[in-house]
Amino acid sequence: MKEVPKEPKKLREGYTTGACATAATRAALLTLISGEVQDESTIYLPVGRFATFHLEECEYRTSSAVASIIKDAGDDPDATHGALIISEVSWCNGAGIIIDGGVGVGRVTKPGLPVPVGEAAINPVPRKMLKETAEQLLAQYNIQKGVKIVISVPQGEEMAKKTLNARLGILGGISILGTRGIVVPFSTAAYKASIVQAISVAKASNCEHVVITTGGRSEKYGMKQFPDLPEEAFIEMGDFVGFTLKQCKKQGMKKVSLVGMMGKFSKVAQGVMMVHSKSAPIDFNFLAKAASESGASAELVEEIKGANTASQVGDLMTQSGHHQFFEKLCEYCCLSALKEVGDGIDVDTSLYTLKGDFLGQAVQHGN
């Protein structure tokens, strides 16, 4: 009997910190207005649908109310999954709505972000959600008082260590984020947004030269290679090489240095600009061609064609003393990068081993 293939399990969506903060705020304000403690809260999400949140806690006080929600990120590997998001709402003198961050919500210390320096790291869409939710309830109950909303995340400072916040100049905790209200599992959108933010911070810090790396290890090697550049100049692009290069050009960077290792940069040299392990295979015929161009023997070229990994190719070339191969590969990376952005910037590429040994470098100047 022929086996019927199983359908892939549908990944479960979650909710953003912004959505959780808004739902907790609605519950807290409703409790403050009515004196009745809430056990759930329903809000309308920017994505265009309603969502109901179970409250972890809700408490009425004399001049304020507090409500909290545990963030459920669904099946997304989110650093803030399980975070307790607390909203405390209180009356304040005069009309208007004041929004601030408490414990565990970061504060912006560098320009270039969508939130001004000195303010709590509550992004524009969550701020808008919080403000509109409060305004609707106040209008519904015909209340003319002002309201202060303070969002806190008790474990936020610890959680922020797993994010890029410190690099971006967001200190003391996490950011309250989300443009749609939902978290799409394994979404690339959040990572791309962090790349754009990182380049914006670099630009606001007057950087014209940035170093883009595929991860923390290659970034460490890049920092050692370019010790005079400020921390803001180093940007982890992950697998999004083409996207990052285009953003660098779009935001006016004059020079981009790519720092990485054989595996992913072998793909960049081929012209592959999304270097996830599943995006495109390494072309060993291409590596064999580069080896031939750098003076490798016919026998070695054939051995490269039958290799299993790019690292193995690197080892073969190192052992045989063909160090110019790595310069040739870096040259191809630079040419691919310039082709991707249509010139206009200077590009250099540096290759390292996993252990941090320098293999080679090449520079190309854009027209």
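Here is what the cut-offs are and how they apply
- Residues numbered from 1 in each chain as written.
- Predicted model: local features only at pLDDT ≥ 70, side-chain atom pairs only at ≥ 80, totals over all residues.
- Heavy atoms only, no water.
- Helix = DSSP H or I, 4+ residues; strand = E, 2+ residues; numbered from the N terminus.
- Buried < 20%, exposed > 50% of the residue type's maximum accessible area, 1.4 Å probe, protein only.
- Contact = heavy atoms within 4.5 Å.
- Areas by Shrake-Rupley, 256 points an atom, 1.4 Å probe, with all protein chains shown as cover.
- Lys, Arg positive; Asp, Glu negative; His and termini not counted.
- Charge placed at Lys NZ, Arg CZ, Asp CG, Glu CD.
- Axes fitted to C-alpha atoms, helices over the stretch in contact; angles between N-to-C directions.
- Parallel < 35°, antiparallel > 145°, perpendicular 65-115°, else oblique.
- Left-handed = near helix turned anticlockwise from the far one by under 90°.
- Domains from an automatic or database assignment.
- Buried area = accessible area lost by both parts, 1.4 Å probe.
- Salt bridge = Lys/Arg side-chain N within 4 Å of Asp/Glu carboxyl O.
- Polar contact = N/O pair within 3.5 Å; in protein donor to acceptor, adjacent residues only side chain to side chain.

Visitor: It is not clear to me how the overall build of the protein should be interpreted in this structure. Could you clarify?
Guide: Helix and strand counts for the protein come out as twelve helices and 18 strands. In terms of principal-axis extent, the alpha carbons of the protein reach across some 85 × 65 × 30 Å. Taking all 367 residues of the protein together, 49% fall into the buried category. Sequence-distant contacts, at least 24 apart, represent 67% of the contacts inside the protein between residues at least 6 apart. Within the structure as shown, the protein displays about 17,900 Å² of accessible surface, and the carbon and sulfur contribution to it stands at 51%. Each charge class in the protein can be summarised by its mean position, and for the 38 positive and 40 negative side chains these summaries are 3 Å apart.

Visitor: Just checking my understanding: could you explain the packing of helix 8 (residues 262-270) against helix 12 (residues 324-341) for this structure?
Guide: Helix-helix packing is characterised by the crossing angle of the two axes and by the distance between the axes. Put simply, helix 8 and helix 12 touch, their axes get as near as 7 Å, and they point 55 degrees apart. By the angle between their directions, the pair helix 8 and helix 12 is classed as oblique. Like other packed secondary-structure pairs, helix 8 and helix 12 cross with a definite hand, here left-handed. For the pair helix 8 and helix 12, the contacting residues are Met262, Phe265, Ser266, Val268, Ala269 and Gln270 in the first and Phe325, Phe326, Leu329, Tyr332, Cys333 and Ser336 in the second.

Visitor: What is the right way to read the domain arrangement of the protein from this model?
Guide: Frequently, the measure chosen for interface size is the accessible area removed from exposure when the parts meet. By the assigned domains, the protein splits into domain 1 (14-183) and domain 2 (188-364). Once you take the C-alpha centre of each, domain 1 and domain 2 turn out to be 40 Å apart. Taken together, the contact pairs nine residues of domain 1 with eleven residues of domain 2. A combined buried area of about 940 Å² lies between domain 1 and domain 2, and 56% of that area is made up of carbon and sulfur atoms. The three residues of domain 1 that bury the most area against domain 2 are Leu164, Arg167 and Leu168, which together make up 56% of that side's buried surface. The tally of links from domain 1 across to domain 2 stands at three salt bridges. Where Arg167 meets Glu219, a salt bridge forms, and the shortest distance between an N and an O atom there is 2.8 Å. Counting the contacts that link domain 1 with domain 2 gives three residue pairs in polar contact (both at pLDDT 80 or more).

Visitor: Can you help me understand the environment of Thr349 in this one?
Guide: Here Thr349 is to be found in strand 17 (residues 346-352). A residue is classified by how much of its surface remains accessible, and Thr349, at 0% relative accessible area, is buried. Separated by 22 residues in the primary sequence, Thr349 and Glu327 have C-alpha atoms spaced 8.9 Å apart. When sequence neighbours within four positions are dropped, the list of residues in contact with Thr349 reads Leu258, Phe265, Cys330, Cys333, Cys334, Gly360, Gln361 and Ala362.

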